[in-house]
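# Descriptive structure summary
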Amino acid sequence: MEDIRIRYYSKTGNTKEVALYIAERLKLEALEIKEDDYDSPCGLLFLGGAPYANIMSSKLREYANNLKKENVKAVALFTTSNWSRRTVRALKKIFKEKGILVIDEFLYVHMLAIKSSKDKAFNFADQIVEKYNKM
Ligand SMILES: Cc1cc2nc3c(=O)[nH]c(=O)nc-3n(C[C@H](O)[C@H](O)[C@H](O)COP(=O)(O)O)c2cc1C
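A few points on the structure. Remember, it's a predicted structure, so these values are computed and weren't measured experimentally. (Residues numbered from 1 in each chain as written. Predicted model: local features only at pLDDT ≥ 70, side-chain atom pairs only at ≥ 80, totals over all residues. Heavy atoms only, no water.)

Taken together, the neighbourhood of the ligand is formed by 16 residues, with Ser10, Thr12, Thr15, Tyr52 and Asn54 sitting nearest. Contacts to the ligand include Asn54, whose backbone N or O atom sits 2.6 Å from an oxygen atom. Secondary-structure elements contributing two or more residues to the shell around the ligand are helix H1 (14-26) and strand E4 (51-52). Its residues assigned to classes, the shell around the ligand shows six nonpolar, nine polar and one charged. (Near = heavy atom within 4 Å. Polar contact = N/O pair within 3.5 Å; in protein donor to acceptor, adjacent residues only side chain to side chain. Helix = DSSP H or I, 4+ residues; strand = E, 2+ residues; numbered from the N terminus. Nonpolar A, V, L, I, M, F, W, Y, C, P; charged D, E, K, R; others polar.)

Written as structure tokens, this is what we have:
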């Protein structure tokens, strides 16, 4: 599992909670996005974020923009925003332009349903890892 990374940007803690579920399931650490990742290769990146006042945080955008195609094989997205599709679409666009593969399935957990969505997050983690292992 060393080649799996879980990262999130979370202003108010919702996305972090979901990241921690994924991490629990995969017995990995979930960390806030950080520059160290840019030059450190990974196979599968779980990446979570949400919009604030209509737009993705500039930190998350910068992170996505700085990831290098040669360092990331595939990305799986998760979000807790109301506008989940918009958030996912915006991130997918960045990665598509960079040639980084984004797995079609993404995880959406409504911010008010996080506590009851642990199983959903566990299932998502399993499903994505299974898919990734077949790539
Ligand atoms: C200041 C602020 C602005 C927000 N603006 C939006 C928005 O424009 N669209 C949306 O879908 N959600 C919006 N939300 C909801 C957040 O995306 C949602 O609460 C999400 O779970 C926050 O994730 P976080 O707790 O990981 O920061 C906003 C939340 C805050 C605090």
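Anyway, onward from the coordinates.
Attention shifts here to the packing of helix H2 (residues 58-66) against helix H3 (residues 84-98). When two helices pack together, their arrangement is given by the angle between their axes and by how far apart the axes lie. In the contact formed by H2 and H3, the axes pass within 9 Å of each other and the chain directions differ by 20°. Overall, the two elements H2 and H3 adopt an arrangement that is roughly parallel. In the crossing of H2 with H3, the sense of the turn from one axis to the other is right-handed. Residue-level inspection shows Leu60, Arg61, Ala64, Asn65 and Asn66 of H2 in contact with H3, the latter providing Leu91, Ile94, Phe95 and Lys98. Here the contact of H2 with H3 is built from residues that sort into five nonpolar, two polar and two charged. (Axes fitted to C-alpha atoms, helices over the stretch in contact; angles between N-to-C directions. Parallel < 35°, antiparallel > 145°, perpendicular 65-115°, else oblique. Left-handed = near helix turned anticlockwise from the far one by under 90°. Contact = heavy atoms within 4.5 Å.)

Geometry only, nothing functional implied.
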